[in-house]
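# Coordinate analysis (summary)
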Amino acid sequence: MGDTMPGNGDFTAIPVLDLGLVQSDKPRLLAQLRHALIHIGFFYVSGHCISDAFLAELKRQTVAFFDLPANEKLAADKIHSPTFLGYSVLGNEITKGQRDNREQFDFASELPATWHIGSPVHERLTGPNLWPRDEVIPGFQHTMLSFIAQAQELAEQLVRLAAESLGLPHNTLLDKYVEPGQQQRAKIVKYPAVDQMAPSDGVQGVGPHRDVASLLNILYQASPQPGLQVQNHSGEWIDAVPIPGTFVVNIGTGLEHFTQGVATATTHRVVSPLTGQGPRYSIPFFLGTRLDTKLDPVEMPQEMLDARPARVVSDSGSQFAEQYARDPGVYYLLNRISSHRDVGSKHYPG
């Protein structure tokens, strides 16, 4: 599948990039990646090093978790944690002021809590996971932490390639914006089928949004059901259908900011599956940026600045870029509180 660019220069499909070209034809891969970064903000990646066998086990554990009795899942409810890690019941998370039709479990690379009175408040976001009991779902914790590690390795490879494709030294973005050993996050998500579609935009699995405070994100679509949609520059919703053996990659607002708008963080959403299709399972990983320092854009080659697209529909939300750059820790904390208001009320009152 390639990206079809009609006469108006807009995209009508999401391109597939083969990482095998790193060895056989790297200039071709970098050209494809540069085009996807600037003009689309999304792409599939194939030829990665995460095995089909591991992805099958990841899906099995994901389904098994959501099939657990409610009391076992609620024992790991994120209401118990200021890190916003743990389980969320159906409809708990809010996007653009509306409840999402999803049930999810957020987890992260395992780190101890180090926050103490007097520390910056965003440091409370780093801390241990809340896990279901191992005896009720053996191997779950091991599988999820293995996914975090493998996904981070893939995401960092893609960031290095992205830097090269934009005329920067390959480690520029990681060295400047990712703190070694910082906690990275992922989640498993279940979108239940719904009885009917709403008259206009459908049922909100996840409302339209851009991913904040990240360089890029990789998504394993663990079910054949469609649902992820990407907004092109004309405002049309383009389906990012599941393709076996691939991840979907999207650009975060961090990478857009750091490249002075050369890379595009594109608006996207998830529409719930319909009755008869069964639930949709989705597993994203987010390569977050450091939260402890003001974040300034890098100096970009003039030819890349000249290639920046004009302001487009998917620029919605860019009004928060200044706040993010000035104090990323506070920005990310406020974003978490707005999405999980019960956790915010309990752990961050006032």
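This text follows the structure it describes.
Let me sum up the structure you'll find in this document. (Residues numbered from 1 in each chain as written. Predicted model: local features only at pLDDT ≥ 70, side-chain atom pairs only at ≥ 80, totals over all residues. Heavy atoms only, no water.)

Put simply, helix 3 (residues 52-66) and helix 5 (residues 140-165) touch, their axes get as near as 10 Å, and they point 130 degrees apart. Compared by their axis directions, helix 3 and helix 5 come out oblique. Handedness of the helix 3/helix 5 crossing: left-handed. Where helix 3 approaches helix 5, its residues Phe 54, Glu 57, Leu 58, Gln 61, Thr 62 and Phe 65 are matched on the opposing element by Phe 140, Thr 143, Met 144, Ser 146, Phe 147 and Gln 150. Tallied by class, the residues present in the contact of helix 3 with helix 5 amount to six nonpolar, five polar and one charged. (Axes fitted to C-alpha atoms, helices over the stretch in contact; angles between N-to-C directions. Helix = DSSP H or I, 4+ residues; strand = E, 2+ residues; numbered from the N terminus. Parallel < 35°, antiparallel > 145°, perpendicular 65-115°, else oblique. Left-handed = near helix turned anticlockwise from the far one by under 90°. Contact = heavy atoms within 4.5 Å. Nonpolar A, V, L, I, M, F, W, Y, C, P; charged D, E, K, R; others polar.)

With that settled, the discussion passes to the pairing of strand 9 (residues 214-221). Taking burial as the measure, the eight residues of strand 9 include eight buried ones, the bulk of the element. Alignment of strand 9 against strand 14 (residues 280-288), held across seven bridges, turns out to be antiparallel. Looking at the pairing, Asn 217 lines up with Phe 286 of strand 14. Inspection of the sheet shows strand 9 paired to strand 12 (residues 247-251) by four bridges, in the antiparallel sense. Across the sheet, residue Asn 217 finds its bridge partner in strand 12, namely Asn 250. (Buried < 20%, exposed > 50% of the residue type's maximum accessible area, 1.4 Å probe, protein only. Pairing = 2+ DSSP bridges.)

Let us look at helix 10 (residues 328-339). Look at helix 10: 17 Å from first C-alpha to last across 12 residues, which is about the 16 Å you get at 1.5 Å a residue. Taken together, the buried positions of helix 10 are Pro 328, Gly 329, Tyr 331, Tyr 332, Leu 333, Asn 335, Arg 336 and Ser 339. (Expected span 1.5 Å × (residues − 1).)

Okay, the side chain of Ser 165 next. Assignment of secondary structure puts Ser 165 in helix 5. What makes Ser 165 buried here is its relative accessible area of 2%.

Let us look at the packing of helix 2 (residues 26-39) against helix 5. Look at helix 2 against helix 5: their axes get within 9 Å of each other, and the N-to-C directions meet at 90 degrees. It follows that helix 2 is roughly perpendicular to helix 5 by the angle criterion. Only Leu 158, Leu 161, Ala 162, Glu 164 and Ser 165 of helix 5 make contact with helix 2, whose side of the interface consists of Lys 26, Leu 29, Leu 30, Leu 33, Arg 34 and Leu 37. Of the residues belonging to the contact of helix 2 with helix 5, the class tally is seven nonpolar, one polar and three charged.

What follows is about the packing of aromatic side chains. Per the stated rule, a full pass over the model turns up 13 aromatic pairs. Taking 5.3 Å as the distance between ring centres and 75 degrees as the angle between the ring planes, the aromatic pair formed by Phe 65 and Phe 66 counts as edge-to-face. For Phe 66, a relative accessible area of 4% gives the class buried. When the centroid spacing of 5.9 Å and the interplanar angle of 40 degrees are considered together, the rings of Phe 105 and Trp 131 count as tilted. Here Phe 105, found in strand 6 (residues 103-108), pairs with Trp 131, found in the loop between strand 6 and helix 5; they are 26 residues apart in sequence, far enough to count as distant. (Phe/Tyr/Trp six-rings, centres within 6.5 Å; stacked < 30°, edge-to-face > 60°.)

Interpretation note: all reported values are geometric properties and have no functional meaning in isolation.
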